[in-house]
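Each chain is listed here by its residues.
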Amino acid sequence: MPDFDIKSMNLSEIENVIASLNEPKFRAKQIFDWLQVYGAMSYDEMTNLPKALRNILNEKYPVRSCEIELKQVSKIDSTVKYLFKLFDGNFVESVLMKYKYGYTLCVSSQVGCKMGCTFCASTKSGCVRSLMPSEILGQIHATQRDMDIRVSHVVMMGMGEPLDNYDNTIRFLKLASDEKGLNLSMRNISLSTCGIVPKIYDLLEEKLQLTLSISLHAPNDTMRSAVMPVNKKYPVKELIKACKDYTNSTSRRISFEYAMIRDVNDSDECAYELASLLKGMLCHVNLIPANEINESEHKRSTNDRLQRFMNILNSKGVNTTIRRSLGSDIDASCGQLRSKHVREKKEKEGEQ
Ligand code: SAH
C-alpha cells in the first residue's frame, strides 16, 4: 500500500504521521474516527481539525474513498448493487443484502480478476489492479452512509481473488474488525478463495476467527481443472489437505461453494465423489444454482438436480444447503459482478 494512503493506516501509524507534523497526539484519534467510524470522504468533513492542518494532510495524505457512480435496487428482493468509482477512474461493484440478522455487504478485492474461472464474469477482462485496504473499507463506508444503516456482515465474494491481494486483504480485515473503527466481528466476515494453497497456510498463521469459503465446484482434478485454471497449480488433494490443516488449527468450519452447472458437475456420481472427498471434515457445502453469464455456455442445473444433489450429500453426512440467489434482475448474483461499465466505456472510446 502507498505510504500516504491514510485510510489504510491503523491508529498508531496515524499517530506517527501526526508526530512527524509536530501536531498533538489526540489529532490522530480524531482523524482515525473520521475515517474509520464515520467513513469521511474528505478532510473537509473533519470540522474539529484546524483548516491549516486539513490542507497539509490533504496534500500529503489524500483520502481515498469510493464514490457511488450507479445504484441499482432489485425489484425482486431489495438487494442493492453499487458501482463505485475509485480515485483513478476504475470501477468496482458491491452488493448489499438484507437478512433477518442484519445487512451483509459483498465487497470486491480487485478491479477484475486474473484467475480465469470459465463460469465467472469478473475475470473476463482480466485483472486491472488490486484494491488498497482503504478501497475495500470504502465500499462498506459508502454503503452505510448511503443507506443510513450499519453493515454487520461482510463477505469477500465480490470481484477479485482476495488471496491474490493478500497483504491488503489482511490489513483490511484487521482495520474492519478494529474495535476503535468499524468494529465488525471477525466471525461475521467470510473470505472466499478459488484455492491458492500457500496463501491459505499464510492465512492460517494469522489465526483469524473469520469463515473461510472455498470455491470448489468439482470433486476431482479433471473436472476442476477444466473450469478453474488455478487447479492445475493447486490440485484438489493439496487444497483439501490445506483445508483440513486450516480447520485443525483454527477450529473454524470451512464452507465449500459449489456452483451447479448443468451436465458439467451436477450428476449423482459427482455428488457421491464429493461426499467421499469431504467425509469427516468440519465443513458445510453451499450449492449455488449457477448464474448464467453472456460469455459462457454454462447453464444452471434444474431445481430437481439441485435437490437430489443436496439430498445425496446430506445422506452421506455432509451438511449441505442450497444458496438462495439474490438480485438476479440486476446482475448482482454470484459470478455476475464485473467491470462492465469500464469495458463499455472502453468500447465506446474505441469506436470514436
Ligand atoms: N475469487 C474468489 C472470490 C469470488 S467469490 C473465489 O473464487 O472464491 C464469488 C463466488 O461466486 C465464488 O464462489 C465463485 O466461484 C462463484 N461464482 C462465480 N461465477 C459464478 C456463476 N456464474 N454462478 C454461480 N456462482 C459463481
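Thresholds, definitions, all that
Residues numbered from 1 in each chain as written. Predicted model: local features only at pLDDT ≥ 70, side-chain atom pairs only at ≥ 80, totals over all residues. Heavy atoms only, no water. Domains from an automatic or database assignment. Contact = heavy atoms within 4.5 Å. Buried area = accessible area lost by both parts, 1.4 Å probe. Salt bridge = Lys/Arg side-chain N within 4 Å of Asp/Glu carboxyl O. Polar contact = N/O pair within 3.5 Å; in protein donor to acceptor, adjacent residues only side chain to side chain. Helix = DSSP H or I, 4+ residues; strand = E, 2+ residues; numbered from the N terminus. Near = heavy atom within 4 Å. Areas by Shrake-Rupley, 256 points an atom, 1.4 Å probe, with all protein chains shown as cover. Nonpolar A, V, L, I, M, F, W, Y, C, P; charged D, E, K, R; others polar. Buried < 20%, exposed > 50% of the residue type's maximum accessible area, 1.4 Å probe, protein only. Pairing = 2+ DSSP bridges. Axes fitted to C-alpha atoms, helices over the stretch in contact; angles between N-to-C directions.

### A word on the domain arrangement of the chain
Here the domain parsing of the chain yields domain 1 (6-60) and domain 2 (67-350). With 17 residues of domain 1 at the contact, the number on the domain 2 side is 14 residues. Both faces combined, the contact of domain 1 with domain 2 buries some 1200 Å², and carbon together with sulfur accounts for 53% of it. The largest per-residue losses of area from domain 1 upon contact with domain 2 belong to Lys7, Ser8 and Gln36, which jointly make up 43% of the total buried on that side. Notably, a salt bridge pairs Glu45 with Arg145, separated by 2.5 Å at the nearest N-O pair. Run the count over domain 1 and domain 2 and you get eight residue pairs in polar contact (both at pLDDT 80 or more). When residues of the side of domain 1 that touches domain 2 are traced back to their parent elements, those giving at least two are helix H1 (11-20) and helix H2 (26-37). Here the side of domain 1 that touches domain 2 takes six residues from H2, the largest share from any one element.

### Structural notes on the site of the ligand
Neighbouring the ligand are 18 residues; Phe119, Ser192, Ser215, His217 and Asn291 lie closest to it. When isolated, the ligand has an accessible area of 540 Å², and the protein chains bury 96% of it. For the shell around the ligand, the secondary-structure elements that each account for two or more residues are strand S8 (189-193) and strand S10 (254-260). Taken together, the residues of the shell around the ligand sort by class into eight nonpolar, eight polar and two charged.

### Some thoughts on the environment of Gly158
Tracing the backbone through its elements, the reader meets Gly158 in the loop between strand S7 (151-156) and helix H5 (166-176). The class for Gly158 is buried, based on a relative accessible area of 14%. Residues Gly158 and Glu93, 65 residues apart in the sequence, show an inter-C-alpha distance of 7.2 Å. Residues in contact with Gly158, not counting those within four places in the same chain, are Cys106, Val107, Ser108 and Leu337.

### A word on the sheet that holds strand S11 (residues 283-289)
Pairing is mixed in the open sheet, where ten strands are placed in the order S1-S2-S3-S4-S7-S8-S9-S10-S11-S12. Each edge of the sheet is formed by a strand with only one pairing partner; in this case those strands are strand S1 (67-73) and strand S12 (320-322). This sheet shows a mean twist of 25 degrees between the axes of neighbouring strands, independent of strand direction. Taken together, the six bridges between strand S2 (residues 80-85) and strand S3 (residues 91-99) define a ladder with antiparallel strand orientation. Opposite Leu83, over in S3, you have Glu93 as the bridge partner. Seen against the sheet, H5 touches S7 and S8 and runs at an angle of roughly 170 degrees to S7. Set on the sheet, helix H11 (residues 303-315) makes contact with S10, S11 and S12; between it and S12 the angle comes to about 165 degrees.

### Regarding the environment of His141
When you line up the elements, His141 lands in helix H4 (residues 133-147). In this structure His141 comes out as buried when scored by relative accessible area, which is 2%. Along the primary structure His141 and Ser296 are separated by 155 residues, whereas in three dimensions their C-alpha atoms are 34 Å apart. Ignoring anything within four residues of it in the chain, the contact list for His141 reads Lys7, Leu35, Gln36, Gly39 and Leu182. Looking at His141, its side chain comes within polar contact range of the main-chain oxygen of Gln36, at 2.8 Å.

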